[in-house]
Amino acid sequence: MSIQLSLSEAPVRTLSDAAYALIDRELTKYPADQKQSAVMAALRIAQVEKGFVSPEAEAEIAAYLGMAPMAVHEVATFYNMYDLAPQGRFKITICTNLPCALRSGNQAADYLKAKLGIGFNQTTPDGLFTLKEGECMGACGDSPVVLVNNHRMCSWMSNERIDGLLAELIEQAAKGD
Ligand code: FES
């Protein structure tokens, strides 16, 4: 017997039609009775659209995929690439795992902290940068390695290259890109 949600129980729809279209496209990759397989993709789509995964988005995704809200929350909290709170315009994640740490990863992290004037899990007062400590990104030979907004990988991040990246991102923000 199916359980119908009353209007008062249905989550408020905060994701756009475009986001739902993207989720629907992900759903075509799985059997109709295994919609939950698209949960990671749906969370990523929500994060790209909203900047972070809100409790409302989790509830929406749970309802759409026919999952328990807690099951969606468990996925969102397990993987550190999902952000459960608003981040800076640019989230900079630097790998400090052992192979990178042995190849200047920690020095690069210290340089970033000093340049931005913040520590890990903090955001600059202008809201431009959030600094995160990341796990292995599969590019240990390229250390120090930085990921920008989860999608752009930057390798061999010497102090000079960090300076260049930050300058580029500041310029990008100034242009409103
Ligand atoms: S340990 Fe840093 S990328 Fe692998």
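Thresholds applied
Sequence order sets the numbering: in each chain, residues are counted from 1 along the sequence as written. Selection of residues for local features in this predicted model requires a pLDDT of at least 70, selection of side-chain atom pairs for listing and counting requires 80 or more, and totals for whole chains, interfaces and linings are taken over all residues. In computing side-chain properties, one takes all heavy atoms of the structure into account and sets aside hydrogens as well as water. How far each domain reaches was decided by an automatic or database domain assignment. Helix and strand labels come from DSSP, where a helix needs a run of H or I of at least four residues and a strand needs a run of E of at least two; each type is numbered from the N terminus. Burial classes follow relative accessibility: with a 1.4 Å probe on protein chains only, a residue under 20% of its type's maximum area counts as buried, one over 50% as exposed, and anything between as partly exposed. Two strands are said to pair when DSSP picks up at least two bridges between them. Under the convention used throughout, the expected extent of a helix is 1.5 Å for every residue step, that is, one less than its residue count. Each direction from the helix axis to a C-beta atom contributes to the arc, which is the arc of those directions. Throughout, a contact is declared for two residues whenever any of their heavy atoms are within 4.5 Å. In this analysis, axes come from line fits to C-alpha atoms, helices being fitted only over the stretch in contact, and the angle between any two N-to-C directions falls in the range 0 to 180 degrees.

### Topic: the domain arrangement of the protein chain
And step 1. Per the domain assignment, the segments of the protein chain are domain 1 (7-78) and domain 2 (90-175).
And step 2. The straight-line distance from the C-alpha centre of domain 1 to that of domain 2 is 29 Å.

### Some details on unusual backbone geometry
And step 1. Geometrically, the link from Ser-143 to Pro-144 is a cis peptide bond, its omega value of -5° lying close to zero.
And step 2. Looking at the element boundaries, Pro-144 is found in the loop between strand S3 (129-134) and strand S4 (146-148).
And step 3. One non-glycine residue, Trp-156, lies in the positive phi region at around 50°.
And step 4. Within the secondary structure layout, Trp-156 lies in the loop between strand S5 (152-154) and helix H7 (159-175).

### Quick look at the pairing of strand S1 (residues 90-95)
And step 1. Along S1, 6 of the 6 residues are buried, which leaves the element largely enclosed by surrounding structure.
And step 2. Side-chain alternation along S1 places Phe-90, Ile-92 and Ile-94 on one buried face and Lys-91, Thr-93 and Cys-95 on a second face that is also buried.
And step 3. Sheet topology places S1 next to S3; 6 bridges connect them, and they run parallel. Paired with Ile-92 across the strands is Leu-131, a residue of S3.
And step 4. The sheet contact formed by S1 and S4 spans 3 bridges and is antiparallel. Residue pairing across strands places Ile-94 opposite Val-146, the latter belonging to S4.

### Some details on helix H6 (residues 105-116)
Along an α-helix, a turn takes 3.6 residues, which lines up residues three or four apart on a common side.
And step 1. Taking 1.5 Å as the rise per residue, H6 with 12 residues should run 16 Å; its terminal C-alpha atoms sit 16 Å apart, in good agreement.
And step 2. Listed as buried for H6 are Gly-105, Ala-108, Ala-109, Leu-112 and Leu-116. Buried residues of H6, seen end-on, are gathered within an arc of 100° and therefore sit on one face of the element.
And step 3. Buried positions along H6 lie against S1, helix H5 (98-101), S3, S4 and H7.
And step 4. After H6 finishes, the residue Gly-117 shows a positive phi value of roughly 70°.

### A word on the sheet that holds S3
And step 1. Spatially, 5 strands are ordered S2-S3-S1-S4-S5 in an open sheet, and the strand pairing comes out mixed. Strands at the two margins of the open sheet, each flanked by one partner only, are strand S2 (122-123) and S5.
And step 2. The pairing of S4 with S5 spans 3 bridges and is classified as antiparallel. Bridging across to S5, Leu-147 finds its partner in Met-153.
And step 3. The strands that H6 touches are S1, S3 and S4; relative to S1, the one it contacts most, it runs at about 150°.

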